[in-house]
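# Architecture at a glance
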Amino acid sequence: MSTEFTVVAQPPQTFAEPDIQDFMAMVRAGGEVGETVLEENVRHAECLVVARQGSCLVGVAALKIPKASHRRSIKVKAGATVGAEQFPFELGYVFVLPSARGQRLGNRLCQAALDPADGKGVFATARTSNDHMNAILAEFHFSKIGRPYKSPRGGYQLQVFVRQRVTNRPRD
């Protein structure tokens, strides 16, 4: 199989239904999200990003528009405020199949997901033990805020990261 990857970022409304279902299946494989919110979050995201190797889906990411209840939960659990005005978006659902890892595909997915934020503030959460994702977030100028908190999906800790509004972003 070729090692060339195609990365596509676009609003969820432009994806065909089978592609939305594949996206959600890939997110489920990552094991980081509750089923009750997944479909609504995916369909209402600002942007979905898919990476393919040939016709095979190998990675996903999203620029989400988080609900107020999610923001409140983060404030309670992490002691971190991620208000909608300062951080209108959340980078999330970043997952790359193990067979496609080690080729900076996570970086490409995150870059494609962050581009539509157009310099606005973005927050993200990642496992404290996920050194690779933590490094990607640092590369994109995210910094830790608040305290780590226990994930409701397993015996691991999550950390909140924020990227402040970029005021001197170059324009085309």
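Just above sits the structure.
Notes on the structure in this doc start here. Quantities reported herein were computed from a predicted structural model and do not represent experimental measurements.

So, how was this worked out
- Residues numbered from 1 in each chain as written.
- Predicted model: local features only at pLDDT ≥ 70, side-chain atom pairs only at ≥ 80, totals over all residues.
- Heavy atoms only, no water.
- Helix = DSSP H or I, 4+ residues; strand = E, 2+ residues; numbered from the N terminus.
- Buried < 20%, exposed > 50% of the residue type's maximum accessible area, 1.4 Å probe, protein only.
- Polar contact = N/O pair within 3.5 Å; in protein donor to acceptor, adjacent residues only side chain to side chain.
- Contact = heavy atoms within 4.5 Å.
- Disulfide = S-S within 2.5 Å.
- Salt bridge = Lys/Arg side-chain N within 4 Å of Asp/Glu carboxyl O.
- Axes fitted to C-alpha atoms, helices over the stretch in contact; angles between N-to-C directions.
- Parallel < 35°, antiparallel > 145°, perpendicular 65-115°, else oblique.
- Left-handed = near helix turned anticlockwise from the far one by under 90°.
- Nonpolar A, V, L, I, M, F, W, Y, C, P; charged D, E, K, R; others polar.

### Quick look at the side chain of Q159
Inspection of the secondary structure assignment puts Q159 in strand β7 (residues 157–163). The class of Q159 is buried, set by a relative accessible area of 5%. A distance of 2.8 Å separates a polar side-chain atom of Q159 from the backbone oxygen of I145. With residues near it in sequence (within four places) discarded, Q159 still touches A124, T125, A126, T128, K144, I145, G146, R147 and P148.

### Re the state of the cysteines
With the rule as written, the count across this model stands at 0 disulfides. In this model C56 remains outside any disulfide bridge; the closest cysteine sulfur is found in C110, 19 Å from its own. C47 supplies the cysteine sulfur nearest to C110, a cysteine that is in no disulfide, at a spacing of 12 Å.

### Side note on the pattern of salt bridges
Tallied over the entire structure, the rule returns 6 salt bridges. Put simply, R52 and D19 hold a salt bridge, and the shortest N to O gap is 3.3 Å. A residue pair is termed long-range when its members are at least 10 positions apart, and R52 in strand β2 (residues 47–53) and D19 in helix α1 (residues 17–30) qualify at 33 residues. For K64, the salt bridge is made with E90, and the minimal N-O distance between the two is 3.5 Å. Here the residue K64 occupies a position in strand β3 (residues 56–64), and E90 occupies one in strand β4 (residues 89–96), the gap between them amounting to 26 residues.

### Looking at the packing of α1 against helix α2 (residues 35–43)
At a closest axis distance of 11 Å, the pairing of α1 and α2 adopts a crossing angle of 135°. By the criterion of interaxial angle, the relationship of α1 to α2 is oblique. The handedness of the crossing between α1 and α2 is right-handed. Here E17, I20, Q21, F23, M24, V27 and R28 of α1 lie close against α2, whose contacting residues are E35, L38, E39, V42 and R43. Looking at the contact of α1 with α2 residue by residue, the classes come out as 6 nonpolar, 1 polar and 5 charged.

Function-wise, these values are silent; they only describe arrangement.
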